[in-house]
Each structure stands twice: as structure tokens, then as C-alpha cells.
Amino acid sequence: MVATAGTDRLIRKIHGCFRPPPPPPGPVSFVRHFSYKDIKKATASFCRIIYSDSHGVAYKANFDDAGLALVKEVKEFDQSKEAFYREVQLLGRLHHRHLLALRGFCMGQKSLLVFDNVENGSLKDHLNDPLRTPLNWRTRLQIANGVAAALEYLLLFNDPPVYRVSVNSSNIMLDENFIAKLSDVGFLGSSVNHSETAHPRDCIEAECRNIIFQLGVLMLELITGQSSEEGGADLIQWVQEYHLGSSIYKLIDPDLGDEYDSKELKNLLEVARLCIKSRDKPVLSAARLFRYLQKKIDTPIS
């Protein structure tokens, strides 16, 4: 693929050559300010946990006047009100079909973000719960493409650069139409002082590689129907035992039966392997990898 001048500019940006200053902290007027009391009530005293990771905990909430929502506690901002307001400002500016939209926030006993509701829970629920109807092959391809589209937007088209995106089946939420929504995103400089970041270029490049690696692991989860519990190491080891021959069909989620396209399966597995290799030795730039994914899978990135 021949890179255009526009693509070159995007690649230079993700490599850290352009780093705009953070927006000034201040009042946040474009999203709702929820009271801590209302959020505590809506989450049943923070008992309705959807997922938990090193960055915080996500809860299912049901507000009397705002309906269902996802509430996320972000621990890194508990000691910095200005940094939290900056994070809210930046998150509120993100608009993409495959990102959960920010509805509000609360800065009380905890730093809390309120996002849109997701009707069908997490991807992990659908992969692991035997009582749920298994996801068909077309839906799985759409999820992979949707997540890739969101990452392309975050990594290549966003100012300031995104510093942290967690991509796994636990925090990828599915709406009523099974459209994938990323729910765990953060920004470089939100919780740290820009002057304290000694090597922003190295930081952005390393995080970009890690995010693409996570995308590869997610693809393996969609293929195998297994959610990874070891940061992908367990799935990667299993898949490495097979080659792009007849044995790869042993990897397929049994719930799919024969209802999948063999060519699409091989293409998705090929892209997954490229993504996984990217953490240690990038084969393609982020821009080219996303275009390659779109080319290899017939379902267009939505």
C-alpha cells in the first residue's frame, strides 16, 4: 500500500512528532455533573460490578432520572481534581460509533465517570456464559472490525494522543445491536505532568504497540471462544501449536459449528498474528495494519 501525504502526517503524529499542549483545567459544562449520592444509589452501593482492572472498577447503574448507565471509578485521579477535570474534557470530545459516549462525572469520595448504557453487557459474558446464545461468525467479524475502527480513530486521528486503551473481552461492551464499544480509554498527560514525561515519543510508540498486541489477542478470543486470563499468554501459546493448515480448525469455537467462512477465518488469524508480533517487532505501522485488516476481512470497518 502506498502511503499518502496525509497518512505520513498521521504516522508522524502517532510517533510523537506532534504533541499539542493539554487543554486548561476548568469547569466541565458539556456533560452532566452527577451527585455521589445518586451514583451510589444507582450502583446499589457500588455492588453491581461489570469488570475490574488496575485502572479502576466499572459498575452497572440504574438512575431514577437517567436510566441505565455504566459508571467507572478511575483511581489515578483521586488525588488530583484538575487532572480529573482535564480527563473529563478530553473524553467528552471523543465521538465514535465504537466508543462508549461520556454522559457525566462525579468528583466526590471517588473519581467517577458515567457512560452510556450497553444493553448486551460485555463480550466476555457472551463468550463464557453457556446460557447466552453464541455469537455468530458475522457478528464476531463485525466486533473485530469495530474495535479496530475505534483504535484507528484513537491512535491516528485524535489530539492529544491517547495514552492508554485497554482492549479485552471484559471491557468491550455490546449494545442492543451487538455493536462493539470500547469502555476503557485514557490520555497522555491526564494524570501526569507533561514536563515529567521524559520520553513522550518512546512512551507513545510502546503503548501503541501494546494496544495493537491486545487487538491481536482479542481476535484470538473471537476465533476460539476463549477469554484470556493471562494477558494473552495462554491463548498465544495454544495458537502457536497450530499452523495455517488443516489443524487450525481445532482452534475454532465449537459453538460456531460449521457456520463460518474458512477464508475469513484464515485472514483473521493471520492479522491476529501480525498484531501479536507488533509488541516486540512491529511488522506494519498502525495506519497500514488497520488498512490491511480492512482489506483482509470482507466485512467493512463500520
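For the structure, check the block above.
Residues numbered from 1 in each chain as written. Predicted model: local features only at pLDDT ≥ 70, side-chain atom pairs only at ≥ 80, totals over all residues. Heavy atoms only, no water.

1. Comments concerning the side chain of Glu 152
Part 1 of the argument: Take Glu 152: it is sitting in helix H5 (residues 137-156).
Part 2 of the argument: When sequence neighbours within four positions are dropped, the list of residues in contact with Glu 152 reads Phe 157, Phe 290 and Arg 291. (Helix = DSSP H or I, 4+ residues; strand = E, 2+ residues; numbered from the N terminus. Contact = heavy atoms within 4.5 Å.)

2. Re the packing of aromatic side chains
Part 1 of the argument: Applying the stated rule across the entire model yields six aromatic pairs.
Part 2 of the argument: Centre to centre, the rings of Phe 34 and Phe 63 are 4.8 Å apart; their planes meet at 40°, and the pair counts as tilted. Here Phe 63 lies in strand E3 (residues 56-63) and Phe 34 lies in the loop between strand E1 (32-33) and helix H2 (36-42), a separation of 29 residues in the sequence.
Part 3 of the argument: For the pair Tyr 85 and Phe 105, a centre-to-centre distance of 5.8 Å together with 85° between the ring planes defines the contact as edge-to-face. Separated by 20 residues along the polypeptide, Tyr 85 in helix H3 (residues 81-92) and Phe 105 in strand E5 (residues 102-107) bring together distant segments of the chain. Exposure class is identical for Tyr 85 and Phe 105. Each is buried.
Part 4 of the argument: One aromatic cluster is present, formed by Tyr 36, Phe 46 and Tyr 59 through successive ring pairs. (Phe/Tyr/Trp six-rings, centres within 6.5 Å; stacked < 30°, edge-to-face > 60°. Buried < 20%, exposed > 50% of the residue type's maximum accessible area, 1.4 Å probe, protein only.)

3. Comments concerning H5
An α-helical segment advances 3.6 residues per turn. Residues three or four places apart therefore align on the same side.
Part 1 of the argument: With 20 residues, H5 should cover 28 Å at 1.5 Å per step; its first-to-last C-alpha distance of 28 Å lies within 8% of that length.
Part 2 of the argument: When you tally the buried positions in H5, you get 18 out of 20 residues, the bulk of the element.
Part 3 of the argument: Capping of H5 at its N-terminal end is provided by Asn 136; its side-chain oxygen lies 3.2 Å from the backbone amide nitrogen of Arg 138. (Expected span 1.5 Å × (residues − 1). Polar contact = N/O pair within 3.5 Å; in protein donor to acceptor, adjacent residues only side chain to side chain.)

4. Thoughts on the side chain of Arg 164
Part 1 of the argument: Structurally, Arg 164 can be placed in strand E7 (residues 162-165).
Part 2 of the argument: Contact partners of Arg 164, with chain neighbours within four places excluded, come to His 55, Lys 72, Glu 76, Asp 184, Val 185, Gly 186 and Glu 207.

5. Digging into the pairing of E3
Within a regular strand, the side chains alternate between the two sheet faces.
Part 1 of the argument: Counting buried positions along E3 gives six out of eight residues, so the element sits mostly inside the fold.
Part 2 of the argument: In this sheet, E3 lies alongside strand E2 (residues 49-53) in antiparallel orientation, the contact comprising four bridges. Each bridged residue has a counterpart across the sheet, and for Ser 52 the counterpart in E3 is Val 57.
Part 3 of the argument: What sits between E2 and E3 in their antiparallel hairpin is a turn of two residues.
Part 4 of the argument: Note that E3 and strand E4 (residues 67-74) share eight bridges and pair antiparallel. When the bridges of E4 are listed, Tyr 59 appears paired with Val 71. (Pairing = 2+ DSSP bridges.)

6. Some thoughts on unusual backbone geometry
Part 1 of the argument: Not every positive phi belongs to a glycine, and Ala 44 is a case in point at roughly 55°.
Part 2 of the argument: One non-glycine residue, Phe 46, lies in the positive phi region at around 60°.

7. Brief notes about the sheet that holds E5
Part 1 of the argument: If you trace the six strands from one edge of the open sheet to the other, you get E1-E5-E6-E4-E3-E2, paired in mixed fashion. A strand with exactly one partner marks an edge of an open sheet, and here the two such strands are E1 and E2.
Part 2 of the argument: Note: E4 against strand E6 (residues 111-115), four bridges, orientation antiparallel. Note on E6: the bridge partner recorded for Glu 73 is Leu 112.
Part 3 of the argument: Lying over the sheet, H3 contacts E4, E5 and E6, oriented at roughly 175° with respect to E5. (Axes fitted to C-alpha atoms, helices over the stretch in contact; angles between N-to-C directions.)

8. Points about the pattern of salt bridges
Part 1 of the argument: Applying the stated criterion across every chain yields a total of ten salt bridges.
Part 2 of the argument: For Lys 72, the salt bridge is made with Asp 184, and the minimal N-O distance between the two is 2.4 Å. Within this pair, whereas Lys 72 is found in strand E4, its partner Asp 184 is found in the loop between strand E9 (180-182) and strand E10 (185-187), the two being separated by 112 residues in sequence.
Part 3 of the argument: Taking the shortest distance from any N to any O, the salt bridge between Glu 152 and Arg 291 comes out at 2.2 Å. With Glu 152 in helix H5 and Arg 291 in helix H9 (residues 286-296), this pair connects stretches of sequence that are 139 residues apart.
Part 4 of the argument: Judged by its relative accessible area of 10%, Glu 152 falls in the buried class.
Part 5 of the argument: A cluster of three or more residues bridged by salt bridges with shared partners is formed by Lys 72, Arg 164 and Asp 184. (Salt bridge = Lys/Arg side-chain N within 4 Å of Asp/Glu carboxyl O.)

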